[in-house]
Number of protein chains: 2
Amino acid sequence: MPLLLAQQILAGEIRALASTMTLIENGDPRAKAILKAVYPHTGRAQVIGVTGAAGTGKSTLIDRMTAEYRRRRKTVGILAVDPTSIFSHGALLGDRIRMRAHFVDRGVFIRSFATRGAGGGVAAAVRDAIHLLDAAGKDVIFVETIGVGQDELEIARLVHMVVAVLIPEMGDDVQAMKAGLVEIADIFVVNKTDLPGADVTLQQLRDLFNEFDIVATSASNNDGIQKLVHVIEKRRAQSLGNGQYHRKRLQLCREELLSLLRQRLVAQLRKRLDDQALDAGAKRIAERRVDPYSEVKAIAKKLGF
Amino acid sequence: MPLLLAQQILAGEIRALASTMTLIENGDPRAKAILKAVYPHTGRAQVIGVTGAAGTGKSTLIDRMTAEYRRRRKTVGILAVDPTSIFSHGALLGDRIRMRAHFVDRGVFIRSFATRGAGGGVAAAVRDAIHLLDAAGKDVIFVETIGVGQDELEIARLVHMVVAVLIPEMGDDVQAMKAGLVEIADIFVVNKTDLPGADVTLQQLRDLFNEFDIVATSASNNDGIQKLVHVIEKRRAQSLGNGQYHRKRLQLCREELLSLLRQRLVAQLRKRLDDQALDAGAKRIAERRVDPYSEVKAIAKKLGF
């Protein structure tokens, strides 16, 4: 069954892709067998993070870039990470459903991921989803996030290149954002350049980030999209030429290895540690007969860790 | 040195408290020695989560509740969790600085935590900070979050009781939020009842959550605050009486134990796994000579995990 699904994914079958994504999202152990089977066929996709605050028009921007890549005969995968909020379920999901002109194009696969539920955290689930899309032959994979919180910062570390999306109104804050942005972004986009203040924001960005590529777009008017894709492709070609891409790939593999090792260890821990021992330890701590740090040491010793 | 700090914390010295908080936030190993020394003196504080979307007036609400608890001769600690965003550093921090009438009151300790940097994640840092404030003799500890993302949902699981803050404008979405809120909230507050639509929101909440306590407040007008504190104290008394508080404490100790065990395992992993082995594995994966899942298995076996 997993191997049939793996074959179907390699053949680019959308249903197999969708149902395996669900296995990943639910932390279902069958996902690993499929991932293992398709893994030799990965490593060709170009993975682009697109990150920006809510309301910056990321979805529209990705839709327009997708159209441009489709025009260039490339297939596209889109993974949108939906930060789970107990206060805005409706709003965030609504946003996802509103967008997306490419739902009927078989060359485009779109999936949202919620930040909760996934076994090893959402970053691990997104990483697995990238492998799947890669194996299914998608040339370009966009990973869309709002860049808030630890999970999302981890996701930014799963991609080859990050496009940070700003809008004119945010101009005043650019200086304050500098540290966070430098750490994460490769290309800056000022979207919604039809809004007042676009020139000021662009100038501020150019002053602060003079070694970065900065592109002005108005995604809803389809302005600047070809330029943006051109800049992305130029950077990709450069990084392929100067060894940067190779180093980045090694680094991603290294991080995946560490992350999987951590997951495996935690799973081992739960296998070796019975509930009774855990409950007894918790009781000793709750009664302040021992501090948690000493109790952990004692348990770890007993388990041989 | 750690033990001197521990003594000062137990004596309620604010500087010692603040510098140990910094050690925790930076994941400094000296923090653990201090925590271990003060741990026997913890377990008395009442820990209250206050969670609500940005703009619901959580900070003002906490300020007013703090004033009410101070009137009742209780000391208060406030931990505000600041979700790190690469796009809104300025805005979020600004928010924190704007508020807080109690900065000069020695019976109130206030601290913000960013969601990045902390060694074992922000939830672990907040848990340690709660222990410190508890050991320093704070009677009531408020933990303020915006309830977005995995980290924040974890934080909601560190407290004895969660107050969820809504405002009238959010009325339409209450139905959609139901699942997330039921899972996490103990008491609902409709704040900003001076805004139009407050009655509708209150009625919707009463229909949807008829087994919950629902309190109307206007924090900026100091309306409903005494009622809210009364409801919190009533629930606390109930949970002390019916064993619920006792079970919750055991559960928190259990989760802390598991979380510390996981941290310890991951630290052990990095100790036993040399960089060379990791790099060699990453290279094999990057060249697709092996898949990451098989490589992990091989490394784990070699390390005896």
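For the structure itself, consult the block above.
This text gives an overview of the structure that appears in the document. (Residues numbered from 1 in each chain as written. Chains lettered and ligands numbered in written order. Predicted model: local features only at pLDDT ≥ 70, side-chain atom pairs only at ≥ 80, totals over all residues. Heavy atoms only, no water.)

Let us now look at the overall build of chain A. Check the secondary structure of chain A and you find 13 helices and 7 strands. Classification of the 305 residues of chain A by burial places 55% in the buried group. (Helix = DSSP H or I, 4+ residues; strand = E, 2+ residues; numbered from the N terminus. Buried < 20%, exposed > 50% of the residue type's maximum accessible area, 1.4 Å probe, protein only.)

Structural alignment of chain A on chain B gives an RMSD of 0.1 Å, achieved by rotating through 180° and translating 0.0 Å along the axis. In the structure described here, the two chain copies are related by an operation that fits a two-fold rotation axis. Most of the interface of chain A is mirrored in chain B, where 100% of its interface residues are also at the interface. (Least-squares fit on C-alpha atoms with pLDDT ≥ 70 in both. Contact = heavy atoms within 4.5 Å.)

With that settled, consider the sheet that holds strand β5 (residues 161–166) of chain B. All names here are of chain B. Judged by pairing direction, the sheet is parallel, and its 7 strands sit side by side in the order β3-β2-β4-β1-β5-β6-β7 without closing on themselves. Where the open sheet ends on each side, the last strands, each with one partner, are β3 (108–114) and β7 (213–216). The average undirected angle you get between the axes of adjacent strands in this sheet is 20°. In this sheet, β5 lies alongside strand β1 (residues 46–52) in parallel orientation, the contact comprising 5 bridges. Following the sheet pairing, G52 is matched in β5 by V165. Contacting β1, β2 (76–82), β3, β4 (140–145), β5 and β6 (187–190), helix α4 (residues 58–71) runs over the sheet at an angle of about 175° to β4. Sheet strands touched by helix α6 (residues 122–135): β1, β2, β3 and β4. Its angle to β2, the strand with the most contacts, is close to 170°. (Pairing = 2+ DSSP bridges. Axes fitted to C-alpha atoms, helices over the stretch in contact; angles between N-to-C directions.)

Here we come to the pairing of strand β1 (residues 46–52) of chain A. Within a regular strand, side chains alternate between the sheet's two faces. All names here are of chain A. With respect to burial, β1 is a largely interior element, 7 of its 7 residues being buried. Burial along β1 is two-sided: the residues Q46, I48, V50 and G52 and V47, G49 and T51 are all buried. Note: β1 against strand β4 (residues 140–145), 6 bridges, orientation parallel. Opposite T51, over in β4, you have T145 as the bridge partner.

So, on to the packing of aromatic side chains. The relative placement of two aromatic rings is captured by the distance of their centres and the angle of their planes. Residues and elements named next belong to chain A. Tallied over the entire structure, the rule returns 10 aromatic pairs over all chains. Ring-pair connections join several aromatic residues into one group, and the members of that group are F188, F209 and F212. Here the basic side chain of R236 rests over the ring of Y245, its NZ or CZ set 5.4 Å away from the ring centre. (Phe/Tyr/Trp six-rings, centres within 6.5 Å; stacked < 30°, edge-to-face > 60°. Lys NZ or Arg CZ within 6 Å of the ring centre and 35° of its normal.)

Overall, the coordinates contain 28 salt bridges over all chains when judged by the stated rule. Residues E25(B) and R111(B) are paired through a salt bridge, measuring 3.3 Å at the closest nitrogen-oxygen approach. With a gap of 86 residues between them, E25(B) in helix α2 (residues 14–25) and R111(B) in strand β3 connect regions that are remote in the sequence. By relative accessible area, which is 15% here, R111(B) ends up buried. A salt bridge links K234(B) to D213(B), with the nearest nitrogen and oxygen atoms 3.3 Å apart. Taken as a pair, K234(B) in helix α10 (residues 225–241) and D213(B) in strand β7 lie far apart in primary sequence, 21 residues in all. Classification of K234(B) as partly exposed rests on a relative accessible area of 34%. One connected set of salt bridges, linked through shared partners, spans D186(A), D213(A), K234(A) and R235(A). (Salt bridge = Lys/Arg side-chain N within 4 Å of Asp/Glu carboxyl O.)

Moving on, we come to the interface of chain A and chain B. Counting residues at the interface gives 79 residues for chain A, matched by 79 residues for chain B. Our count for the contact surface shared by chain A and chain B stands at 4 salt bridges. Between R254(B) and D275(A) there is a salt bridge, with its nearest N and O atoms 3.1 Å apart. With 16 residues, the single largest contributor to the side of chain A that touches chain B is helix α11 (residues 244–272) of chain A.

A separate point is the packing of helix α13 (residues 292–303) of chain A against helix α11 (residues 244–272) of chain B. The N-to-C vectors of α13(A) and α11(B) enclose an angle of 60°; their axes lie 9 Å apart at closest approach. As summarised for this structure, α13(A) and α11(B) are arranged oblique, according to the angle between their axes. Once α13(A) is placed against α11(B), the crossing between them reads as right-handed. When α13(A) is examined against α11(B), the residues P292(A), Y293(A), E295(A), V296(A), K297(A), I299(A) and A300(A) are found in contact with a partner set consisting of E256(B), L257(B), L260(B), L261(B) and R264(B). Looking at side-chain class alone, the contact of α13(A) with α11(B) contains 8 nonpolar, no polar and 4 charged residues. (Parallel < 35°, antiparallel > 145°, perpendicular 65-115°, else oblique. Left-handed = near helix turned anticlockwise from the far one by under 90°. Nonpolar A, V, L, I, M, F, W, Y, C, P; charged D, E, K, R; others polar.)

All names here are of chain A. Across its 14 residues, helix α6 (residues 122–135) extends 20 Å between first and last C-alpha, which sits within 8% of the 20 Å expected from 1.5 Å per residue. In terms of burial, α6 is largely enclosed, as 14 of its 14 residues are buried. Following α6 by one or two positions, G137 adopts a phi angle in the positive range, close to 95°. (Expected span 1.5 Å × (residues − 1).)

Residue and element names in this part refer to chain B. Look at α10: 24 Å from first C-alpha to last across 17 residues, which is about the 24 Å you get at 1.5 Å a residue. All buried positions along α10 are accounted for by I225, L228, V229, V231, I232, R236 and S239. One side of α10 carries all its buried residues, which in axial view fall inside an arc of 155°. If you follow the buried residues of α10, they end up packed against β1, α4, β5, β6, β7 and α11. Just past α10, the residue G243 takes up positive phi, approximately 85°. (Arc of directions from axis to C-beta.)

Residue and element names in this part refer to chain A. Taken together, 7 strands build an open sheet; the order of strands is β3-β2-β4-β1-β5-β6-β7 and the sheet is parallel. Every other strand in the sheet has two partners, leaving β3 (108–114) and β7 (213–216) as the edge strands with one partner each. If you compare each strand with its neighbour and ignore which way they point, the axes differ by 20° on average. Sheet strands touched by helix α2 (residues 14–25): β2 (76–82) and β3. Its angle to β3, the strand with the most contacts, is close to 15°.

Glancing now at the environment of F188(A). Residue and element names in this part refer to chain A. Structurally, F188 can be placed in strand β6 (residues 187–190). Looking at F188, the relative accessible area reads 0%, which means it is buried. Taking the C-alpha atoms as reference points, F188 and L166, separated by 22 residues in sequence, lie 7.5 Å from one another.

When its relative accessible area of 18% is taken as the criterion, E25(A) is described as buried. In terms of polar contacts, E25(A) uses its side chain to reach the side chain of R111(A), at 3.3 Å. (Polar contact = N/O pair within 3.5 Å; in protein donor to acceptor, adjacent residues only side chain to side chain.)

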